[in-house]
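Geometric and topological summary
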Amino acid sequence: MIYFIGAGPGAKDLITVRGMRLLQQAKLVIYAGSLVNPELLEYCATDCRVLNSASMTLEQVIAAFREADPQAVTVRLHTGDPSIYGAIREQMDALDALGLAYEVVPGVSSMNAAAAVLHAEYTLPGVSQTVIVSRRAGRTPMPAGESIPELAAHGASMALFLSAGMLGELCAELIRGGYAPETPAALVYKATWPDERVIRGTLATLPELAADVGRTALVLVGGFLQGPYDRSKLYDPSFSHMFREAEK
Ligand code: SAH
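Computed from a predicted structure; not experimentally measured. Per chain, residue numbering runs from 1 following the sequence as it is written. In view of the model being predicted, local features appear only for residues whose pLDDT reaches at least 70, and side-chain atom pairs are presented and counted only at 80 or more, with totals across whole chains, interfaces and linings using the full set of residues. Derived side-chain values reflect all non-hydrogen atoms in the structure, with water molecules and hydrogen atoms excluded from consideration.

Some remarks on the overall build of the chain
We count a stretch as a helix when DSSP gives it H or I for four or more residues in a row; a strand needs E for two or more, and each element gets its number in order from the N terminus. When you go through the chain residue by residue, the secondary structure sums to seven helices and ten strands. Once the C-alpha set of the chain is aligned to its principal axes, its extents read approximately 60 × 50 × 35 Å. Relative accessible area decides the class of each residue, using a 1.4 Å probe on protein chains only: under 20% of the type maximum gives buried, over 50% gives exposed, and in between gives partly exposed. Relative to its 248 residues, the chain shows a buried fraction of 45%. Pairs of residues are marked as contacts when any of their non-hydrogen atoms sit within 4.5 Å. In the chain, of all internal contacts separated by at least 6 residues, the share reaching a separation of at least 24 is 66%. Charge counting treats Lys and Arg as positive and Asp and Glu as negative, with His and both chain ends excluded. A charged residue contributes its charge at one atom only: NZ of Lys, CZ of Arg, CG of Asp or CD of Glu. The centroid of the 20 positive side-chain charges in the chain is displaced by 1 Å from the centroid of its 26 negative side-chain charges.

Following this line, the structure appears as structure tokens:
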């Protein structure tokens, strides 16, 4: 059986228990070497074969799946959660065409890790109840209606992947779309890795503050990073719900 596993954002103990157990049983692991922390491979048995997909094509990955013992555990290890910019759909479609069975084990996305590092909550009452997960166009173009200025027009909380290398353009487009230049913004580099870095600023200041930081980083934008918000209704003493009567 083939398992697509979310490795989590970096720290070795931020993989799920299920993912760790499967790594311990695996006979073959194909990991995304450009982003997965190699420390996670320490969970593998000594006789486990390990391939780094950074230098492989989709066809080579599929060929490795085909050659693997179908009775043994084969792991495809992707960074964060595989459903976000994981390029797993094309692998799953190829496996479907070959009649090879697989399962997906979710992981902790870097967008969750970045919020944790910042002690932030994306969905604050009175600020935003929406998180936009997106990126700036790179080699992959953005579909119509999903340009950064169009997404920024919502004023929602934003988590931007794959865009830290174009920070100046990114922040300019966010402002062009409607965010005030003073809108809080943060860049989290390699969240939960030993060399993690956190830079807080505004849309106006972040490009300069983070000019020397590498690309494996998320850019978070919105009032949720700082400033006023409303208390939650769920824990408000004057509010009744299914499990609690309001205090008089
Ligand atoms: N599936 C992954 C994202 C893969 S796309 C997830 O759920 O996190 C790769 C992009 O993810 C990087 O360009 C960067 O924007 C972000 N990223 C991945 N790991 C990160 C980390 N530890 N800290 C900050 N950003 C990270």
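Remarks on the side chain of Arg76
Positionally, Arg76 belongs in strand β4 (residues 74-78). For the buried Arg76, no salt bridge exists, and the shortest N-O distance to an oppositely charged side chain is 7.6 Å, to Glu90. Polar side-chain contacts of Arg76 include one of 2.9 Å to the side chain of Gln91. For salt bridges, the criterion is a side-chain nitrogen of Lys or Arg within 4 Å of an Asp or Glu carboxyl oxygen. We call two N or O atoms a polar contact when they sit within 3.5 Å, provided that within protein one can donate a hydrogen and the other can accept it, with sequence-adjacent residues counted only if both atoms are side-chain atoms.

As for the site of the ligand
Residues are counted as near a molecule or strand when any one of their heavy atoms sits within 4 Å of it. Around the ligand lies a shell of 18 residues, among which Ile84, Ser109, Ser110, Ala191 and Ala217 are the nearest. Take Pro9: an N or O atom from its main chain is 2.9 Å from a nitrogen atom of the ligand. Thr79 has a polar backbone atom sitting 3.0 Å from a nitrogen atom of the ligand. Each residue receives one of three labels: charged for Asp, Glu, Lys and Arg, nonpolar for Ala, Val, Leu, Ile, Met, Phe, Trp, Tyr, Cys and Pro, and polar for the others, Gly being one of them. Taken together, the residues that form the shell around the ligand break down as eleven nonpolar, five polar and two charged. Taken domain by domain, the shell around the ligand gets at least three of its residues from each of domain 1 (2-105) and domain 2 (110-225). Residue ranges for the domains originate in an automatic or database domain assignment.

A look at the packing of aromatic side chains
We describe a pair of aromatic rings using the distance from one ring centre to the other and the angle between the two ring planes. A pair of Phe, Tyr and Trp rings is counted when the ring centres sit within 6.5 Å of each other, with Trp represented by its six-membered ring. The angle between the planes then sorts it: under 30 degrees is stacked, over 60 is edge-to-face, the rest tilted. Inspection of every chain in the model, using the stated rule, returns four aromatic pairs. With a centroid separation of 6.0 Å and 75° between ring planes, the pair formed by Phe4 and Phe65 is classed as edge-to-face. One end of the pair, Phe4, is in strand β1 (residues 2-6); the other, Phe65, is in helix α2 (residues 58-67), with 61 residues separating them in the sequence. Exposure class is identical for Phe4 and Phe65. Each is buried. On the numbers, 5.4 Å between centres and 50° between planes, the contact of Tyr85 with Phe161 is tilted. Here Tyr85 is found in the loop between β4 and α3 (89-98), whereas its partner Phe161 is found in strand β7 (residues 157-161), with 76 residues between them in sequence. A connected cluster of aromatic rings, assembled from ring pairs, spans Phe4, Phe65 and Tyr102. Over the ring of Tyr43 we find Lys12, and its NZ or CZ is 4.9 Å from the ring centre. Lysine NZ or arginine CZ positioned within 6 Å of the ring centre and within 35 degrees of the ring normal marks a charge as sitting over the ring.

Topic: the sheet that holds β7
With mixed pairing, five strands are arranged side by side in an open sheet as β6-β7-β10-β8-β9. A single partner strand is all that each edge strand has here, and the edge strands are β6 (131-135) and β9 (197-202). Between one strand axis and the next, the sheet turns through 20° on average, direction left out of account. In this analysis, strands are considered paired if DSSP registers two or more bridges between them. In this sheet, β9 lies alongside strand β8 (residues 184-189) in antiparallel orientation, the contact comprising six bridges. Looking at β9, one finds that Ala186 is bridged to Arg200. Sheet strands touched by helix α4 (residues 110-117): β6, β7, β8, β9 and β10 (217-221). Its angle to β10, the strand with the most contacts, is close to 65°. Note on geometry: axes are lines fitted to C-alpha atoms, helical ones only across the stretch in contact, with angles between N-to-C directions running from 0 to 180 degrees.

A closer look at unusual backbone geometry
For Lys190, which is not glycine, the phi dihedral falls at a positive 45°. Look at Thr192: it is not a glycine, yet its phi comes out positive at around 70°. Positionally, Thr192 belongs in the loop between β8 and β9.

A look at the domain arrangement of the chain
The domain boundaries assigned to the chain delineate domain 1 (2-105) and domain 2 (110-225). Once you take the C-alpha centre of each, domain 1 and domain 2 turn out to be 28 Å apart. On the domain 2 side, the residues contacting the eleven residues of domain 1 number twelve residues. Values labelled buried area give the accessible surface lost by two parts on being combined, using a 1.4 Å probe and summing over both. Summed over both partners, the interface of domain 1 with domain 2 buries about 820 Å², with 72% contributed by carbon and sulfur atoms. On the domain 1 side of the interface with domain 2, the three residues burying the most area are Pro9, Ile84 and Tyr85, jointly 58% of the side's total.

Regarding the nonpolar core
Only buried residues count toward a nonpolar core, which is a set of Ala, Val, Leu, Ile, Met, Phe, Trp, Tyr and Cys residues joined through side-chain atoms within 4.5 Å. One finds Leu174, Leu187 and Val221 to be the most contacted residues of the largest nonpolar core, which totals 24 residues. Breaking this core down by element, the ones donating at least two residues are α5 (148-152), β7, α6 (167-177), β8 and β10. The element that contributes the greatest number of residues to this core is α6, accounting for four residues. With residues near it in sequence (within four places) discarded, Leu187 still touches Ala164, Leu167, Arg197, Val198, Ile199, Leu206, Ala210, Val213, Ala217, Leu218 and Val219.

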